Amino acid sequence: MPLPHSRPIFLLAAAAALALLAAGGCTKSAPEAPISVTRTEAIEDTGRFKPEEVGDHYDINPWMSHVCIVDLDQDGLPDILACDDHLNAIVWLRQYPKGKFTESILADQLPGVVHVEAVDMNHTGHLDLLVACMGEVFPNNDKIGSIYILENDGHQHFSRHLIADHIARVTDVQAADLDGDGKLDLAVGQFGYTQGEIRWMRNLGNWRFESHILLSLPGTINVCCADMTGHGHQDIVALVSQQYEEIYLFENDGSGNFTNKVLFGSTNEDYGSSGISLCDINHDGRPDILYTNGDGFAYADPGLRPWHGVQWLENLGNGFFKYHRIGNLPGAYSPIGVSLDGNGVMDIVCTSAFNTWTNPKAASLVVFKNDGKQNFTMHILAHEPIEQISCAAADLDGSGLPSIVSCGFEGYPPFERMGRIVIWRQSHKK
């Protein structure tokens, strides 16, 4: 939240904490990206997806910080995982039988849990869970963050391994072999508050990890791992918010030695970075960066900011990126790349977590439709539920078309038109 991306995705930007750029990157002294983009008016497309709220009902405003889609029990039916910050728990919405989702708590007593990823950490064939905990979602500078790995016995019973605690509040944990030894290491983003970090943790075996600090700045929302340079090694991309509003590339030499540079930086300290994710938008074989800025946790009156929106950092290879402003969107969060038509053309879906919700026409869920040549037009998919902070997409029903799953963090009034966990199913193909 930036509860992230995508990502997400995360939830904590700005002092609140749920919070090129020519080749070679740019710094904050570089010209600002334009805050208005020549586009046709947004197209109303609210009939395309039918929303269905799933999971348990609670008589309290939902505080869901992250959602992802994964076949956790590997029965061929995709499930939903989500972080619930009222329950301090990871919940599993198992799909069984097809089309029916039943919620259960996989793990609780996870204070400020804001991100979960499913990955087979110990090569057993079972999906374990990487868990990022802030301690508290709202601003706090205490060292109350923690990292857990929940080890799956193959029957969705989990043993809890505390990997790190008493550290700056953790917003994201991702797995990748960062030193080339065949074991999955961890990339970690820590928002903190006035103190934060980005670190990687070398896997020593037997659930022991050795920390290496890459950057000591507050405000990290997301970390992503991929070969960004084409050199054959897993690099790290990170989004740092607060007053920095920067995207960093940590280039890996293959042995866990990293060189960092800034790919994007805004001179607007109120830019409101809210999430990044990776996606090959133009199908050139290189992972690009999708980026939203729309955070509103620091505002007494969150809503329209003319610089909020969606952007694409095109990967040109060898660590060089080109900035593209895709479009404006108040409160933009959780950018993901997905081919909504199932034709391979990558569109960009995102939510609006902070918009002018007194306006019933304010967009809650949107897609920037790609014409196949990387020209994008915004389609409004929904005006409610409002304050959706994270989303994911996958084919949930075997139709060949992706559905969208979103979740809501209702932190500001109006406390109405709310949705805790929502599945958006395509009603027809466009």
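Criteria and cut-off values
- Residues numbered from 1 in each chain as written.
- Predicted model: local features only at pLDDT ≥ 70, side-chain atom pairs only at ≥ 80, totals over all residues.
- Heavy atoms only, no water.
- Core = buried A, V, L, I, M, F, W, Y, C linked by side-chain atoms within 4.5 Å.
- Buried < 20%, exposed > 50% of the residue type's maximum accessible area, 1.4 Å probe, protein only.
- Contact = heavy atoms within 4.5 Å.
- Pairing = 2+ DSSP bridges.
- Helix = DSSP H or I, 4+ residues; strand = E, 2+ residues; numbered from the N terminus.
- Axes fitted to C-alpha atoms, helices over the stretch in contact; angles between N-to-C directions.
- Phe/Tyr/Trp six-rings, centres within 6.5 Å; stacked < 30°, edge-to-face > 60°.
- Lys NZ or Arg CZ within 6 Å of the ring centre and 35° of its normal.
- Salt bridge = Lys/Arg side-chain N within 4 Å of Asp/Glu carboxyl O.
- 1 Å grid on protein atoms, 1.4 Å probe; cavity = no way out; pocket = protein on both sides within 12 Å on 5 of 7 lines; lining within 4 Å.
- Points joined across faces, edges and corners; volume = space filled by probe spheres on them.

Let's shift gears to the nonpolar core. Counting 44 residues, the largest nonpolar core has I247, I276, I289, L313, V405 and I421 as its most contacted members. If sequence neighbours within four positions are ignored, V405 has contacts with V67, I69, I80, S390, C391, A392, L396, I421, V422 and I423. Among the nonpolar cores identified, the runner-up in size contains 19 residues, and C83, C133, Y148 and L150 belong to it.

Read from one edge to the other, the open sheet built from four strands follows the order β7-β8-β9-β10, with strand pairing classed as antiparallel. Edge positions in the sheet fall to β7 (113-119) and β10 (158-167), since each of these pairs with one other strand and no more. The sheet shows a mean angle of 15° between the axes of neighbouring strands, direction not considered. One ladder, built from eight bridges, connects strand β9 (residues 145-152) with β10; its direction is antiparallel. Looking at β10, one finds that I147 is bridged to A164.

On to the packing of aromatic side chains. Counted under the stated rule, the structure contains twelve aromatic pairs. Taking 5.5 Å as the distance between ring centres and 65° as the angle between the ring planes, the aromatic pair formed by W63 and F138 counts as edge-to-face. Taken together, the residues W63 in the loop between β2 (49-53) and β3 (64-70) and F138 in the loop between β8 (128-133) and β9 connect sequence positions 75 residues apart. Where F264 meets Y271, the ring centres are 5.9 Å apart and the plane angle is 35°; that geometry is what we call tilted. The class of F264 is buried, set by a relative accessible area of 4%. Under the relative-accessibility criterion, Y271 is labelled buried at 2%. An aromatic cluster is built from F264, Y271, Y291 and Y323, whose rings are joined through pairwise contacts. Taking the ring centre of Y148 as reference, the NZ or CZ of R160 above it sits at 5.5 Å.

Using the criterion set out here, one finds 14 salt bridges in the structure. The salt bridge partner of D73 is R94, with a shortest N-O separation of 2.7 Å. On the criterion of sequence distance, the pair formed by D73 in the loop between β3 and β4 (79-84) and R94 in strand β5 (residues 89-95) is long-range, its members being 21 residues apart. A relative accessible area of 15% means that D73 is categorised as buried. Residue classification places R94 among the partly exposed positions, given a relative accessible area of 31%. When the shortest N-O distance is used, the salt bridge between R417 and E416 registers 3.6 Å. According to the relative accessible area criterion, E416 is partly exposed, its value standing at 40%. Among the charged side chains, a salt-bridge network with shared partners connects R48, D341, D347 and K369.

When you line up the elements, G254 lands in the loop between β17 (246-252) and β18 (258-265). The class for G254 is buried, based on a relative accessible area of 16%. For G254 and H233, which are 21 residues apart along the polypeptide, the C-alpha to C-alpha distance reads 5.2 Å. What G254 contacts, discounting residues up to four positions off in sequence, is L178, D179, G180 and H233.

For β4, a buried count of six out of six residues is recorded, marking the element as mostly surrounded by other parts of the structure. What you see with β4 is no split at all: D79, L81 and C83 on one side and I80, A82 and D84 on the other are buried throughout. In terms of strand pairing, β3 meets β4 through six bridges, oriented antiparallel. Following the sheet pairing, V67 is matched in β4 by A82. In terms of strand pairing, β4 meets β5 through five bridges, oriented antiparallel. Bridge pairing in β5 links I80 to L93.

Here we come to the layout of surface pockets. What the second largest pocket holds in volume is close to 260 Å³. Contributing to the lining of the second largest pocket are 16 residues, with H57, Y58, I60, P62 and R420 lying nearest its centre.

A separate point is the pairing of β7. Counted residue by residue, β7 has five buried out of seven residues, so it is predominantly covered. Of the strand pairs in this sheet, β7 and β8 are connected by six bridges, and their pairing is antiparallel. Its bridge partner being in β8, V113 is matched across the sheet by C133.

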